[in-house]
Amino acid sequence: MSAFSAAGAKTRGFGFTHNPAMPLPSQQSQDNELIDLLDRISRRDAPAFKQLYDLCSAKLFGLAIRVVDNRSWAEEVLQEAFLVIWRTAPAYRASLSPPMAWMGLIVRSRGLDFLRRRATERGHLTQTLDDTMADSMAHDVPSPMDTAQASELAWALHQCLRQLENRQREVVSLAYVRDLSHSELAAQLQLPLGTIKTWIRRGLEQLRTCMARFA
Amino acid sequence: MVDLTRHPELLDRLASSYALGTLRAGARRRFESMAREHPSVRVAALLWQTRLASLNELQGQQAPDPQVWQRIERALQAQQAEQDGPVQPARAMTRARKPARATEPWWASLGWWRGAAVAGACATLLAVVTGWNLHGQRSAEVAQLQAQLRAVPQDAYVAVLQDAKSTASMLVTFDPRNNRLTLQRVGNYQESPDRSLQLWAIPPSGGPRSLGVLDRDKLLRLAAGEANVRDVSALAISLEPRGGVPSAGGPTGPVLFSGTLIQKLP
């Protein structure tokens, strides 16, 4: 744990010294607020739904953009996702997930569905790297990770991801968010398949060691 | 096959690859079948799925356009109306033609489109064109239409979309060689600034699929693959919130124009 804390303290920008294994009080109260809203939504409370949208739409829209890489598609995805949230809110508690994690999964799966539908319609994938990601890959600068509204578990993952090389982190993140295979990643990033496999393997290896501390 | 339950390190590695999505093909299927048999394998997979799902929460924030909320609200209102009310705006038009069962979505009650014979549709097209000639009106448009029909390549698809009074309002042609769908407004209908017209393909089964949202021009070209129109029996245009609605939810507003899509014989 000491090595880990030292690494965290050295990293600039976040001013983050809190032990991520312990929830921040503000995170907890925010989770509680979202859970309360989801409970009300499951009783068809429309004002609660609007409140949830106001609180979460920017975060979830950022994710939708990352998945589909196109603003207007991301708007469609966000709209679909919120209709799913409205419909399936009664099932939220059974998921045993932090509220933002649950909603994030809905947005990602809507986004991936959207891309699959488009691929079927067009007969091919037209997906490309977004600018931030391309920049991160080309110049090895970290693309921003945003911990606002992130659940406790996401804080832990964030800590571990920060220890990866920028490109490894990008590839791992891209593989997950867009559900891409090694060869799809190699094609999109225009990198040799062997390089991708190595980065993913090392990235996951480091994450495994690091995340074990939080288990 | 290795017994994963005896190799925790290997199990953890496979579970993390599985959750990331990079474990593919045979290895993925083998892992899945072991997870079904051994709870400890299932637990490892769930743990990694949960951990990696946090990646969703670490993406940057971006404010969506305020329209998105308006569209969500309208879609919910439409769903609500679907559950509550006996007559919905979207269904009003088809009801006027043929009473539909109240539980059916509007597109399900459009059997009359699918039943229309190709010959009948051609006759309609002809009648539309000659009808205008007889009235001595819109001769310029008719000439334009006829020229356009002549210019339509072989195996193209055409549709004349009509409103509730059977007035032709939109001419749609599809050029498979260029994957181009051309829409020409032939009536005087103009949607209000906060609304958009959206074109839908009605397949023989399943719900409507959006082909695109119309802008305000007389002539509009949309990109569309032949797969999008080949199995389609009819086209419809609905009035939607500005910018249109997602395809998956189907139309939310009233259907203004509709017509049979016919494949022009060579």
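Source: prediction; values computed, not measured. Residue numbers run consecutively from 1 along every chain, following the written order of its sequence. All chains are assigned letters beginning with A, and all ligands numbers beginning with 1, in the order in which they are written. Local features in a predicted model are, by the rule used here, given only for residues with pLDDT of at least 70; side-chain atom pairs are given and counted only at 80 or more, and totals for whole chains, interfaces and linings are based on all residues. Side-chain numbers come from the whole structure's heavy atoms, not from hydrogens or water.

> Got a sec to walk through the interface of chain B and chain A? Specific residues and values, please.
For this analysis, residues touch if any pair of their heavy atoms sits within 4.5 Å. Taken together, the contacts link 38 residues of chain B with 59 residues of chain A. Each partner contributes to the roughly 4,500 Å² buried at the junction of chain B and chain A, and carbon and sulfur atoms together form 61% of this total. For any pair of parts, buried area is found by adding up, for both, the accessible area (1.4 Å probe) each one loses once the two are put together. Sorting the residues of chain B by area buried against chain A places Asn56, Glu57 and Leu58 of chain B first, and these three jointly supply 17% of that buried surface. For this document, the term salt bridge refers to a Lys or Arg side-chain nitrogen within 4 Å of an Asp or Glu carboxyl oxygen. At the junction of chain B and chain A, the tally comes to five salt bridges. Residues Arg24 of chain B and Asp179 of chain A are paired through a salt bridge, measuring 3.4 Å at the closest nitrogen-oxygen approach. We call two N or O atoms a polar contact when they sit within 3.5 Å, provided that within protein one can donate a hydrogen and the other can accept it, with sequence-adjacent residues counted only if both atoms are side-chain atoms. Connecting chain B to chain A are 13 residue pairs in polar contact (both at pLDDT 80 or more). Going along the chain from the N terminus, every DSSP run of H or I of four or more residues is numbered as a helix, and every run of E of two or more is numbered as a strand. Every element with two or more residues in the side of chain B that touches chain A is listed here: α1 (8–20), α3 (39–53) and α4 (66–84) of chain B. Per-class residue counts for the side of chain B that touches chain A are 16 nonpolar, 14 polar and eight charged. When residues are sorted by character, Ala, Val, Leu, Ile, Met, Phe, Trp, Tyr, Cys and Pro go into the nonpolar class, Asp, Glu, Lys and Arg into the charged class, and all the rest, Gly among them, into the polar class.

> Please set out the packing of aromatic side chains residue by residue, giving values where relevant.
Ring pairs shown here join Phe, Tyr and Trp side chains whose ring centres sit within 6.5 Å, with only the six-membered ring taken for Trp; geometry is labelled stacked below 30 degrees between planes, edge-to-face above 60, and tilted in between. Inspection of every chain in the model, using the stated rule, returns nine aromatic pairs over all chains. Summarising the aromatic geometry, the rings of Phe49 of chain A and Phe82 of chain A are spaced 6.0 Å apart at their centres and angled 65° between planes, so their arrangement reads as edge-to-face. Here the residue Phe49 of chain A occupies a position in helix α3 (residues 46–68), and Phe82 of chain A occupies one in helix α4 (residues 71–88), the gap between them amounting to 33 residues. One exposure class covers both Phe49 of chain A and Phe82 of chain A, and it is buried. These aromatic residues form a ring-pair network of at least three members: Phe49, Tyr53, Phe82 and Trp86 of chain A together with Trp69 of chain B. Burial here depends on accessible area, computed with a 1.4 Å probe over protein chains only, as a share of the maximum for the residue type. Under 20% is buried, over 50% is exposed, and the range in between is partly exposed.

> How would you sum up the environment of Ile35 of chain A? Please name residues and give values.
Residue placement: Ile35 of chain A occurs in helix α2 (residues 25–42). Ile35 of chain A has contacts with Tyr92, Arg93 and Pro99 of chain A, leaving out every residue within four places of it along the chain.

> Please give an account of the packing of helix α9 (residues 182–189) of chain A against helix α10 (residues 193–211) of chain A that cites residues and values.
Axes are the key here: two packed helices are described by the angle between their axes and the distance separating the axes. All names here are of chain A. Fitted lines through C-alpha atoms serve as axes, helices being fitted only where they are in contact, and the angles separating the N-to-C directions of these axes extend from 0 to 180 degrees. Contact geometry of α9 with α10 gives a least axis separation of 9 Å together with a crossing angle of 115°. The two elements α9 and α10 cross, and the hand of that crossing is right-handed. On α10, the residues that touch His182, Ser183, Leu185, Ala186 and Leu189 of α9 are Leu193, Ile196, Lys197 and Ile200. Each crossing is labelled by how the near helix is turned from the far one, with a counterclockwise turn of less than a right angle marking it left-handed and a clockwise turn marking it right-handed.

> Any details on the pattern of salt bridges? Residues and values, ideally.
All names here are of chain A. What the rule picks out here adds up to 20 salt bridges over all chains. A salt bridge links Asp113 to Arg110; its shortest N-O distance comes to 3.0 Å. Placement of the pair is Asp113 and Arg110 together in helix α5 (residues 99–122), with a separation of three residues, close to one helical turn. For Asp113, a relative accessible area of 24% puts it in the partly exposed group. With its nearest N and O atoms 4.0 Å apart, the salt bridge here joins Arg116 to Asp179. Residue Arg116 is located in helix α5, and its partner Asp179 is located in the loop between α8 (166–177) and α9; the two are separated by 63 residues in the primary sequence. For Arg116, a relative accessible area of 44% corresponds to the partly exposed category. With a relative accessible area of 28%, Asp179 lands in the partly exposed category.

> Describe unusual backbone geometry, with residues and values.
Residue and element names in this part refer to chain A. Of note, Asp69 is a non-glycine position whose phi angle comes to about 60°, a positive value. In this model, Gln190 sits at a positive phi of 55°, which is unusual for a non-glycine residue. Structurally, Gln190 can be placed in the loop between α9 and α10. On the basis of relative accessible area, Gln190 is assigned to the exposed category, the value being 72%.

> Run through the state of the cysteines, naming residues and quoting values.
Residues and elements named next belong to chain A. We call a pair of cysteine sulfur atoms a disulfide whenever their separation is within 2.5 Å. A complete count under the given rule lists one disulfide over all chains for this structure. A sulfur-sulfur separation of 2.0 Å characterises the disulfide bridge that pairs Cys160 with Cys210. Across the S-S bond of Cys160 and Cys210 the torsion is about -80°, and the bridge reads as left-handed. In this pair, Cys160 is assigned in helix α7 (residues 152–161) and Cys210 in helix α10, connecting sequence segments 50 residues apart. On the basis of relative accessibility, which here comes to 1%, the residue Cys160 falls in the buried class.

> Summarise α1 of chain B; cite the residues concerned and give the values.
The end-to-end C-alpha separation of α1 of chain B is 18 Å, in line with the 18 Å expected for 13 residues at 1.5 Å each. For α1 of chain B, every residue scored as buried is listed here: Leu11, Asp12, Ala15, Ser16, Ser17, Tyr18, Ala19 and Leu20 of chain B. Buried residues in α1 of chain B make contact with α8 and α10 of chain A together with α2 (25–37) and α3 of chain B. Backbone geometry just after α1 of chain B places Gly21 of chain B at a positive phi near 100°. Working rule for helices: expected span equals 1.5 Å times residues minus one.

> Report on the nonpolar core, specifying residues and quantitative values.
Residue and element names in this part refer to chain A. Counting residues in each nonpolar core, the largest one holds 87 residues, and the members touching the most others are Leu52 and Ile85. The dominant element in this core, judged by the number of residues it contributes, is α3, at twelve residues. With residues up to four places along the chain from it excluded, the contact list for Leu52 reads Leu34, Leu37, Leu38, Ile41, Ser57, Phe82, Ile85 and Met103. Remark: nonpolar core denotes a set of buried residues (Ala, Val, Leu, Ile, Met, Phe, Trp, Tyr, Cys) joined through side-chain atoms within 4.5 Å.

> Outline α9 of chain A, supporting the account with residue identities and numerical values.
Among the residues of α9 of chain A, His182, Leu185, Ala186, Gln188 and Leu189 of chain A are the ones counted as buried. Gln190 of chain A, located one to two residues past α9 of chain A, shows a positive phi value of around 55°.

> Requested: an account of the side chain of Glu240 of chain B, with residues and values cited.
Residue and element names in this part refer to chain B. With respect to the helices and strands, Glu240 occurs in strand β7 (residues 234–241). Neither His nor the chain ends is counted toward charge; the positive residues are Lys and Arg and the negative residues Asp and Glu. Buried charge without a salt bridge: Glu240, with Arg195 as the nearest opposite-charge side chain at an N-O distance of 6.7 Å. A polar contact is formed between the side chain of Glu240 and the side chain of Thr252, at a distance of 2.4 Å. Of the polar contacts made by the side chain of Glu240, one reaches the backbone nitrogen of Gly253; its length is 3.2 Å.

> Account for the environment of Pro176 of chain B, with residues named and values stated.
Residues and elements named next belong to chain B. In this fold, Pro176 is placed in the loop between β2 (168–175) and β3 (180–185). Here Pro176 falls in the buried class, since its relative accessible area comes to 18%. Put simply, Pro176 and Ala227 are 51 residues apart on the chain and 9.5 Å apart in space, counted from C-alpha to C-alpha.

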